[in-house]
Amino acid sequence: QYGDSPEGMVASAMEFGEICRKYDYHNFVFSMKSSNPKVMVEAYRQLAREMYKRGWDYPLHLGVTEAGGGADGRIKSAVGIGALLIDGLVD
């Protein structure tokens, strides 16, 4: 339905959260991964907005999947995670 998009990642994460909450299970972390830092950043921003709307407060595990080795991988990870740190989405 969503293809490879932040919207699809968030819909899947929220579905998982709803299932956990249905069974009164709250000991989980949201971890969404993308090899594209722009997709990862937008997905986490959307997830944070949706969690806020629902009054949820669950931890987020940030990371850029397959960022790669060497300087390129470090740059992709730093850009993706750094943008979310600046947004204040993590402690």
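Residues numbered from 1 in each chain as written. Predicted model: local features only at pLDDT ≥ 70, side-chain atom pairs only at ≥ 80, totals over all residues. Heavy atoms only, no water.

Undergrad: Give a detailed account of the overall build of the protein chain, specifying residues and quantitative values.
TA: Secondary structure summary: the protein chain contains three helices and zero strands in total. Secondary structure of the protein chain in N-to-C order comes out as α-α-α. For the protein chain, the C-alpha radius of gyration of 14 Å lies close to 12 Å, the compact-globule estimate for 91 residues. Taken along the three principal axes of its C-alpha coordinates, the protein chain extends 45 × 30 × 20 Å. Counting over 91 residues, the protein chain shows a buried share of 37%. Sequence separation of 24 or more characterises 62% of the internal contacts of the protein chain that already satisfy a separation of 6 or more. Carbon and sulfur atoms make up 52% of the accessible area of the protein chain, which amounts to about 5,800 Å² in all. Counting 10 positive and 12 negative side-chain charges, the protein chain places the centres of these two groups 2 Å from one another. (Helix = DSSP H or I, 4+ residues; strand = E, 2+ residues; numbered from the N terminus. Rg over C-alpha atoms; globule rule 2.2 N^0.38 Å. Buried < 20%, exposed > 50% of the residue type's maximum accessible area, 1.4 Å probe, protein only. Contact = heavy atoms within 4.5 Å. Areas by Shrake-Rupley, 256 points an atom, 1.4 Å probe, with all protein chains shown as cover. Lys, Arg positive; Asp, Glu negative; His and termini not counted. Charge placed at Lys NZ, Arg CZ, Asp CG, Glu CD.)

Undergrad: Summarise the environment of Ser31; cite the residues concerned and give the values.
TA: With respect to the helices and strands, the residue Ser31 is situated in the loop between α1 (6-22) and α2 (37-54). Counting along the chain gives 22 residues from Ser31 to Met9, while the straight-line C-alpha distance between them is 9.9 Å. If we ignore the near neighbours within four places in the chain, the residues touching Ser31 are Tyr44 and His61. At 3.2 Å, the side chain of Ser31 and the side chain of His61 are in polar contact. (Polar contact = N/O pair within 3.5 Å; in protein donor to acceptor, adjacent residues only side chain to side chain.)

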